[in-house]
Amino acid sequence: MKQKLLFVMGNLNCGGAEKSLISLLQSLDYSKYEVDLFLFKHEGLFFSRVPEQVHILEEPEFYRHYDMPVMAAVKDSLNKRKPGLAIHRIRAGLIFRTETHPAVREQRVWKHLSKSLSRLTKRYDAAIGFMEKSPIYYVIEKTNATTKIGFIHNDYDKLGMDPAIDEFYFRSLDYLVTVSDECGTVLQNRFPDLSSKVQVIQNIVSPELIHKMSSEKADWSHHEGIKLLSIGRLTFQKGFEWAVEACRRLVDLGYDLRWYVIGEGEERSSLEKLIAECSLQRNFILLGLKENPYPYIKEADIYVQSSRFEGKSIAIDEAKIMCKPIIVTDFSTAKDQIQDNYNGLIVDMSPEGLTEGIRRLIDDKELGSKFARNLTEEDLNTESEVEKMYQLVQ
C-alpha cells in the first residue's frame, strides 16, 4: 500500500522555496507514494510544472478574502451567510494596520485567517508544511497526519519573525527541516529545546536537467559588452538597490556592461525609480519572471547574488552547475556554497563590495577561468537528498 503524503504551500510563484518544492515533487517515487498538494492559491509560474501524479486539492474559497479590501471581504462573507468570517476579517484588518513588520504580521493574522480554512479529513502518513509561517501552522492545526514536518528555507534569525509564536507551533512538529548546515545551527541555537527535531535536507537540483534546459535561446537583446545576471524576488532581502548603485559606479568607471535581473516582487517600482534616477535604463534591466532561467545563466559572463540573507540559494547552485564566475555578498550562509577565491568571490554586503568584486572578475579573466575549472570538479547533483525525505516520512 502506498504511503499518503500531503505538501502544503501558499502558492507556486517564482521563488527558491517554490522551485525547491517542484524539484522535490519531480523526484519522488510515485510507485511508493500517493501525494496531495494543498495550495492556498492556485497560481504561480511553477503551477504548470506540478507532476501529473500529484493530486492538487481544491483551493480554499475564503482565503482570498485576506487579499481583498476589508469591506469587500466582509460584504462577501455576509452575502454567503458567514458572519464569523466577517468578524475575523475585520480583526485581521486591525493587525494589518497596526503591525509594521510583515513577517510578524503574517504570524499574528494566522489565528483569524485560519478560520477561513477547513480541516482536511483525509488521513496522511505525513504532512509537510513546505514554508515557514502559514503552511506550517496549517499542517499543525488543519491536518490529520502521523508525522508532521515543517520547512524553513532561510536563516531563521534574519526572517524577523517572533520566535515565541513559532516555538508554540514547532513543538507540535515531528521534524523541523532546513536547507543548509548553517541554517540548522541557527535553528538549534534559537530553539535549543527543539534541537533534536532539526534536520537538514538540501534543495534538490539536477545538473542533467539544467544543462538540457539551458540549450534554449535567451531572449535578451544582443550586447557585446559584459553581461551580469542576478536571479531573485525583487524584495529587501535580495539587496538589489546595492546592485543598482554598484552598476552606476561601474558605468561611471567606463565599463561596458548590462546587468540583468530575473524575478518579480514588491520592490519593482522603487527599483525602477532608482534605476531612472541613476540613468541606468540601458544598463540595469529588470527582465521579470522567466520560467526557464538557464539559457540566461549560460549566456551570462558573471552571476551576482547581492542578498542580505539566504538559506541555501538555488540560483547560486544553478550558476555553479553552469560553471559561471560567481560573486556573492557575505551573508551568514554564503560559505555554505562558495569557497572564497576558489570557486567564487565573497564580497562585502555593500555597493562598494559588489563593485570591487565585479571589477576584479572583469579585469582578471584568468580568475574566472580558475573558478570555472574548480566548479567542474564539484559534485553538484543533490537528487539523492530525496532519500532523506523518505527517511522522515517512514
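Everything quoted here is computed from the prediction, not taken from an experiment.

Novice: For this particular structure, what's the right way to read the environment of Glu141?
Specialist: For Glu141, the location among the structural elements is in helix 5 (residues 134-142). Once the C-alpha coordinates of Glu141 and Gly44 are considered, the two residues, 97 residues apart in sequence, prove to be 25 Å apart. Each residue touching Glu141, except ones within four places of it in the same chain, is listed here: Trp110, Ser114, Arg119 and Tyr169. Of note is the side chain of Glu141, whose polar atom sits 3.1 Å from the side chain of Trp110.

Novice: Hey, could you run me through the sheet that holds strand 8 (residues 226-231) in this one?
Specialist: The pairing of strands in a sheet happens through backbone hydrogen bonds and is either parallel or antiparallel. As summarised here, the arrangement of the six strands in space is 10-9-8-11-12-13, forming an open sheet in which the pairing is parallel. Taken across any chain shown, the strands that pair with only one partner, and hence form the sheet edges, are strand 10 (284-288) and strand 13 (345-347). Sheet twist, expressed as the average angle between the axes of neighbouring strands with direction ignored, equals 25 degrees. Here strand 12 (residues 326-329) pairs with strand 13 via three bridges, running parallel.

Novice: Help me out: how do you make sense of the sheet that holds strand 4 (residues 123-129) in this one?
Specialist: With parallel pairing, seven strands are arranged side by side in an open sheet as 3-2-1-4-5-6-7. Strands with a single pairing partner mark the edges of an open sheet, and in this sheet they are strand 3 (55-56) and strand 7 (198-200). By the bridge criterion, four bridges tie strand 1 (residues 3-9) to strand 4 in an arrangement that is parallel. Residue Leu6 lies in a different strand from strand 4, and its bridge partner there is Ala127. Here helix 5 sits on the sheet in contact with strand 1, strand 2 (33-39), strand 4 and strand 5 (144-152), set at roughly 165 degrees to strand 5. Most of the contacts of helix 7 (residues 181-190) go to strand 7, to which it runs at about 175 degrees, and overall it touches strand 5, strand 6 (175-178) and strand 7.

Novice: Even after reading the chapter, I still don't get the environment of Phe151, so can you show me in this structure?
Specialist: Mapping Phe151 onto the fold places it in strand 5. A residue is classified by how much of its surface remains accessible, and Phe151, at 3% relative accessible area, is buried.

Novice: What am I meant to see in unusual backbone geometry here?
Specialist: Peptide bonds are, in most cases, trans, and in most cases residues other than glycine have a negative phi. Phi angles above zero are rare outside glycine, and Lys133 is one such case at about 65 degrees. With respect to the helices, strands and loops of the structure, Lys133 is situated in the loop between strand 4 and helix 5. Notably, Cys323 is not glycine yet its phi reads approximately 55 degrees, a positive angle. On the basis of relative accessibility, which here comes to 23%, the residue Cys323 falls in the partly exposed class.

Novice: Whenever I open this one, helix 13 (residues 351-363) confuses me. Can you help?
Specialist: Between its terminal C-alpha atoms helix 13 stretches 18 Å, which fits the 18 Å expected from 13 residues at 1.5 Å a residue. Residues of helix 13 that are buried include every one of Pro351, Gly353, Leu354, Thr355, Gly357, Ile358, Leu361 and Ile362, and no others.

Novice: Explain the packing of aromatic side chains here, please?
Specialist: Pairs of aromatic rings are described using the distance from one ring centre to the other and the angle between the two planes. As enumerated under the stated definition, the model contains 16 aromatic pairs in all. When the centroid spacing of 4.1 Å and the interplanar angle of 25 degrees are considered together, the rings of Tyr137 and Tyr169 count as stacked. Residue Tyr137 is found in helix 5, and its partner Tyr169 is found in helix 6 (residues 163-170); the two are separated by 32 residues along the sequence. Like Tyr137, the residue Tyr169 is buried in the burial classification. Aromatic ring contacts, followed pair by pair, group Phe38, Phe40, Tyr63 and Tyr138 into a single cluster. We note Arg308 situated over the ring of Phe236; from NZ or CZ to the ring centre the distance is 3.7 Å. Its guanidinium or amino end placed over the ring of Trp242, Arg308 lies 4.3 Å from that ring's centre, counting from NZ or CZ.

Rules behind the numbers
Residues numbered from 1 in each chain as written. Predicted model: local features only at pLDDT ≥ 70, side-chain atom pairs only at ≥ 80, totals over all residues. Heavy atoms only, no water. Helix = DSSP H or I, 4+ residues; strand = E, 2+ residues; numbered from the N terminus. Contact = heavy atoms within 4.5 Å. Polar contact = N/O pair within 3.5 Å; in protein donor to acceptor, adjacent residues only side chain to side chain. Pairing = 2+ DSSP bridges. Axes fitted to C-alpha atoms, helices over the stretch in contact; angles between N-to-C directions. Buried < 20%, exposed > 50% of the residue type's maximum accessible area, 1.4 Å probe, protein only. Expected span 1.5 Å × (residues − 1). Phe/Tyr/Trp six-rings, centres within 6.5 Å; stacked < 30°, edge-to-face > 60°. Lys NZ or Arg CZ within 6 Å of the ring centre and 35° of its normal.

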